[in-house]
Amino acid sequence: MSTRGSSHRRDRFAMQALAIVLAVLALAPFLWLLTMSFKTNAEIFRFPPRLLFDATLANYAALWTSEFRGSFGNSLVASVASTVLSLVIGTPAAYALSRWTSRGQGAITLWILASRMAPPIAFTIPYFLVYRYLELLDTLTGLVIIYLTFNLSLVIWMMRPFYDQLPRSLEEAAWIDGATMWQGFYRIILPLSGPGLAATAILCFLFAWNDFFFALILTRTEAMTAPVAVVNFMNYEGWEWGRIAAGGTMIMLPVLAFSFVVRRYLVSGLTGGAIKG
């Protein structure tokens, strides 16, 4: 009995040690970037690098007094607005596709998925020409629209399997009590889809927040986003590694904070539509 117990403890210790090693490897790039953001350029290029050094906030101070502050706000507005709109429009669409039993359901679903298949470069020239005609270049409205077009298909594809596993008897009971179809959806089905909505919101926000390509092509100065602003620290005078590291750290913070707030919904939301029955 004691031999089996010691073997179990050894296996548990090995699993915990492996989990710690994997966590350190996964967090190593972020920790390295974080330490760089508190170093001077001389300290960054010091060899061999020191684990203990005199930390400085000069990189963050210089970053926040530059154009990066406005770009950070632009990224936040565009990402939040596109995420909210994607959920507001895509969630009822996913519910409708889940409950629709017509023959054309598969074709519509495939057409929605096709918008995510093509590479972004395929849409760049059409969007640029249309935006120039509509005067949407270098505007937050233009960014929200283009993020919405890509995140909308993501919302539908993630939320539809989640609704597929919810029994229709829940809505039917609400209809018998006098509720309309949309009242049954908003009062019965939507509250049950919290985990799926949380996971979908994180992915939508992540895709919009980390976008570089469309923001680089469709913005100039007024609607410049944070990822594009960080590139401006790579100039002909040299790369300002301290500010680049500080900017990268600032860009990661909203995603980490958002993920931490809804962390208890994330795993159940990502796996909610994987198993039916």
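Heads up: the structure comes first, above all this text.
Residues numbered from 1 in each chain as written. Predicted model: local features only at pLDDT ≥ 70, side-chain atom pairs only at ≥ 80, totals over all residues. Heavy atoms only, no water.

> Could you give an account of the side chain of Asn74, naming the residues involved and the relevant values?
Mapped onto the secondary structure, Asn74 falls in helix H4 (residues 68-99). Polar contacts involving the side chain of Asn74 include one to the main-chain carbonyl oxygen of Glu222, which spans 3.1 Å. Reaching out from Asn74, the side chain makes a polar contact with the backbone oxygen of Met224 at a distance of 3.0 Å. Apart from the residues lying within four places of it in its own chain, the contact partners of Asn74 are Leu140, Glu222, Ala223 and Met224. (Helix = DSSP H or I, 4+ residues; strand = E, 2+ residues; numbered from the N terminus. Polar contact = N/O pair within 3.5 Å; in protein donor to acceptor, adjacent residues only side chain to side chain. Contact = heavy atoms within 4.5 Å.)

> Which residues make up the environment of Phe123, and what are the values?
Within the secondary structure layout, Phe123 lies in helix H6 (residues 121-134). Residues Phe123 and Ile146, spaced 23 residues apart in sequence, show a C-alpha to C-alpha distance of 9.8 Å. Ignoring any residue separated from it by four or fewer positions in sequence, one finds Phe123 in contact with Ser115, Ala118 and Phe150.

> An account of the side chain of Lys39 is needed here, citing residue identities and associated values.
Considering the arrangement of structural elements, one finds Lys39 in the loop between helix H1 (2-37) and helix H2 (41-44). One buried charged residue, Lys39, forms no salt bridge at all, with the nearest opposite charge on Glu43 at 5.2 Å. When near neighbours in sequence (up to four residues on either side) are disregarded, Lys39 contacts Ile44, Arg50, Phe53, Thr56 and Asn59. (Buried < 20%, exposed > 50% of the residue type's maximum accessible area, 1.4 Å probe, protein only. Lys, Arg positive; Asp, Glu negative; His and termini not counted. Salt bridge = Lys/Arg side-chain N within 4 Å of Asp/Glu carboxyl O.)

> Break down the packing of helix H9 (residues 181-192) against helix H10 (residues 194-209) for me, citing the residues and quoting the values.
A pair of packed helices is captured by two measures, namely the crossing angle of their axes and the spacing between those axes. Where H9 meets H10, the axes come as close as 5 Å, and the angle between the chain directions of the two elements is 65 degrees. Considered as vectors, H9 and H10 are oriented roughly perpendicular to each other. Residues Leu190, Pro191 and Leu192 of H9 pack against Gly194, Pro195 and Leu197 of H10. Considered class by class, the residues forming the contact of H9 with H10 number 5 nonpolar, 1 polar and no charged. (Axes fitted to C-alpha atoms, helices over the stretch in contact; angles between N-to-C directions. Parallel < 35°, antiparallel > 145°, perpendicular 65-115°, else oblique. Nonpolar A, V, L, I, M, F, W, Y, C, P; charged D, E, K, R; others polar.)

> Just give me the short version of the nonpolar core, but keep the residues and values in it.
One finds Phe68, Ile146 and Tyr147 to be the most contacted residues of the largest nonpolar core, which totals 31 residues. Elements with a minimum of two residues in this core: helix H3 (58-64), H4, H6, helix H7 (140-164), H10, helix H11 (213-218), helix H12 (226-231) and helix H13 (241-261). Dropping the residues within four chain positions of it, Ile146 is found in contact with Tyr127, Tyr131, Phe214 and Leu218. Grouped together as the second largest cluster of nonpolar side chains are 16 residues, Ala94, Ile112, Leu166 and Phe185 included. (Core = buried A, V, L, I, M, F, W, Y, C linked by side-chain atoms within 4.5 Å.)

> Explain the layout of surface pockets to me, using residue names and the numbers behind them.
There is about 230 Å³ of room inside the largest pocket. Arg116, Ala118, Pro120, Tyr147, Phe150, Asn151, Phe207, Ala208, Asp211, Phe213 and Phe214 are the residues that line the largest pocket. Every element with two or more residues in the lining of the largest pocket is listed here: H7, H10 and H11. Among the elements that take part in the lining of the largest pocket, H7 stands out by supplying 3 residues, more than any other. Residues of the lining of the largest pocket, tallied by class, amount to 8 nonpolar, 1 polar and 2 charged. (1 Å grid on protein atoms, 1.4 Å probe; cavity = no way out; pocket = protein on both sides within 12 Å on 5 of 7 lines; lining within 4 Å. Points joined across faces, edges and corners; volume = space filled by probe spheres on them.)

> Describe H13, and please don't skip the residues or the numbers.
Look at H13: 31 Å from first C-alpha to last across 21 residues, which is about the 30 Å you get at 1.5 Å a residue. For H13, the principal kink sits at Leu253 and spans about 25 degrees; a proline, Pro254, occurs within the next four residues. (Expected span 1.5 Å × (residues − 1). Bend = angle between axes of the 7 residues up to and from the residue.)

> Describe unusual backbone geometry, naming the residues involved and giving the relevant values.
Following Phe47, the chain continues into Pro48 via a peptide bond in cis, with omega recorded as -5 degrees. Considering the arrangement of structural elements, one finds Pro48 in the loop between H2 and H3. The residue Glu135 is not glycine, and still its phi comes out positive at about 60 degrees. Here Glu135 is to be found in the loop between H6 and H7. The exposure class assigned to Glu135 is exposed, which follows from its relative accessible area of 68%. The residue Asp138 is not glycine, and still its phi comes out positive at about 60 degrees.

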